[in-house]
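Below, each chain spelled out in residue letters.
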Amino acid sequence: MKKTEKSAILLIYTGGTIGMKENGHGLVPFDFSQILDEVPELQKFTFKIDSYTFDPLIDSSDVEPGMWKDLACLIKEKYEDYDGFVVLHGTDTMAYSASALSFMLDNLAKPVIFTGSQLPVGSLRTDGKENLVSAIEVASARDSRGRAMVPEVAIYFNSQLIRGNRATKVNATAFDAFRSPNCPPLAEAGIKIRYNKAVIRYPSPEAAQLVIHTDLDTRVAILKVHPGITEQVARNVLLGSGIRAVIIETYGSGNAISKPWFTDIIRESAAGGKIILNITQCLAGDVNMNLYATGKALKEAGVVSGGDLTTEGGLAKLFYLMGEYADNERVKQLLEKNLKGEISK
Ligand code: ASP
């Protein structure tokens, strides 16, 4: 790839549709050293683009926290050698991975831009080329003072750059696959890429070096409340063993079933030490447990408000906080604080 001293980007290929090719039996990942054959446009960049390929390449349905750890360690190891990082990743769990990395990378001063595509990069109507080329452009963009334009973990997809821990996949087939329902895009690409500097988070000038947090505690269960949920199901999840925290996906502004059996289970679970995080099932808006009696009952029972967290962001935040702190009260306090732009307050 082209080499000048201008800028340097590391393309990290983890798998997903973007790097797949039809081999007669279905889509399989192609050797990434062939990327220039598939995307000759990359040669037009006037700076160095290196690549790193994960082994094995995976469909992102198989992503596990160990892979996030590998990604964080790789970025740490290569941090001084590159000005930005582009992570090619399957779309199915991209919002989970981008959320996780946003908490795992502390004092980030360089862009870490996730992208992928709905159609393989080599196919005629692919969305992968534009996503890849623009993600590289965003990862290399600097402001007039030479600082990275977007020193955040973000997702570039279908002309929008969105904060990683605000993203959610909303469409299985359309190119417009991601949304950031509670946070405006960090940038939008048209003829020019317009950066939304009022929304982008910059590290404080005194921020020390990049620090990575790789101890994740994954003992989290997710319970989606729904009409007809049985007491036994709620009991199994909320009082189950091997679970340190439960995300309850509630209705509307954070409401759940007002029947005493449900509130009793919640109370017993919280009293037993479990962290219970309330996240709304709605795509947009936030949890407010002061609004309705059903919400108030949850609050009184010790449930923590997730505000306008996505489930992906909430899960990642819990993994990270529980990995960092043994004290559940400390975890609960920090859950309600905005750490990485994941909630609106
Ligand atoms: N199943 C694929 C994956 O997430 C879908 C995609 O890449 O868009 O890896």
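Keep in mind that this is a model prediction, so the values were computed, not measured. (Residues numbered from 1 in each chain as written. Predicted model: local features only at pLDDT ≥ 70, side-chain atom pairs only at ≥ 80, totals over all residues. Heavy atoms only, no water.)

Engineer: Summarise the site of the ligand; cite the residues concerned and give the values.
Structural biologist: Near the ligand the following residues occur: Gly 16, Thr 17, Asp 59, Ser 60, Gly 90, Thr 91, Asp 92, Ser 117 and Gln 118. Within the side chain of Asp 59, an N or O atom sits 3.0 Å from a nitrogen atom of the ligand. The separation between an oxygen atom of the ligand and a polar side-chain atom of Thr 91 is 2.4 Å. Within the complex, 89% of the 270 Å² of free accessible area of the ligand lies under protein. Tallied by class, residues from the shell around the ligand come to no nonpolar, seven polar and two charged. (Near = heavy atom within 4 Å. Polar contact = N/O pair within 3.5 Å; in protein donor to acceptor, adjacent residues only side chain to side chain. Areas by Shrake-Rupley, 256 points an atom, 1.4 Å probe, with all protein chains shown as cover. Nonpolar A, V, L, I, M, F, W, Y, C, P; charged D, E, K, R; others polar.)

Engineer: How would you explain the sheet that holds strand β8 (residues 153-157) if you had to name every residue and give the values?
Structural biologist: As summarised here, the arrangement of the eight strands in space is β4-β1-β5-β7-β8-β9-β12-β13, forming an open sheet in which the pairing is mixed. Of all strands in the sheet, those with a lone pairing partner are β4 (48-58) and β13 (193-195), marking the two edges. Taking the axes of each pair of neighbouring strands and ignoring which way they run, one obtains an average angle of 20° across the sheet. Across four bridges, β8 lies against strand β9 (residues 160-163) in antiparallel orientation. Within β9, the residue paired with Tyr 156 across the bridge is Leu 161. Here helix α2 (residues 65-78) sits on the sheet in contact with β1 (8-15), β4, β5 (84-88) and β7 (112-115), set at roughly 160° to β4. (Pairing = 2+ DSSP bridges. Helix = DSSP H or I, 4+ residues; strand = E, 2+ residues; numbered from the N terminus. Axes fitted to C-alpha atoms, helices over the stretch in contact; angles between N-to-C directions. Contact = heavy atoms within 4.5 Å.)

Engineer: Explain the packing of aromatic side chains residue by residue, including any values.
Structural biologist: For any pair of aromatic rings, the description consists of the separation of the ring centres together with the inter-plane angle of the planes. On inspection of all chains with the given rule, the structure shows eight aromatic pairs. Ring plane angle 40° and centroid distance 6.3 Å describe the contact between Trp 68 and Phe 319, whose orientation is recorded as tilted. In this pair, Trp 68 is assigned in helix α2 and Phe 319 in helix α8 (residues 311-324), connecting sequence segments 251 residues apart. A single burial state applies to Trp 68 and to Phe 319, both of which are buried. Taking the centre distance of 6.4 Å and the plane angle of 5° together, the rings of Tyr 79 and Phe 85 count as stacked. There is no split in this pair, since Tyr 79 and Phe 85 are both buried. Members of the aromatic cluster, each reached through a chain of ring pairs, are Tyr 79, Tyr 82 and Phe 85. The lysine or arginine in question, Lys 110, covers the ring of Tyr 79, its NZ or CZ lying 4.7 Å from the ring centre. (Phe/Tyr/Trp six-rings, centres within 6.5 Å; stacked < 30°, edge-to-face > 60°. Buried < 20%, exposed > 50% of the residue type's maximum accessible area, 1.4 Å probe, protein only. Lys NZ or Arg CZ within 6 Å of the ring centre and 35° of its normal.)

Engineer: Account for the packing of helix α3 (residues 94-104) against α8, naming residues and giving values.
Structural biologist: Following both chains from N to C, one finds α3 and α8 inclined at 40°, their axes separated by 8 Å at the closest point. By the angle class used here, α3 and α8 are oblique. Considering only the axes of α3 and α8, their crossing is right-handed. Listed contacts from α8 to Ala 95, Tyr 96, Ser 99, Ala 100 and Phe 103 of α3 are Glu 312, Gly 313, Leu 315, Ala 316, Lys 317 and Tyr 320. Each residue belonging to the contact of α3 with α8 can be placed in one class, and the counts come to seven nonpolar, two polar and two charged. (Parallel < 35°, antiparallel > 145°, perpendicular 65-115°, else oblique. Left-handed = near helix turned anticlockwise from the far one by under 90°.)

Read these as geometric descriptors, not functional statements.
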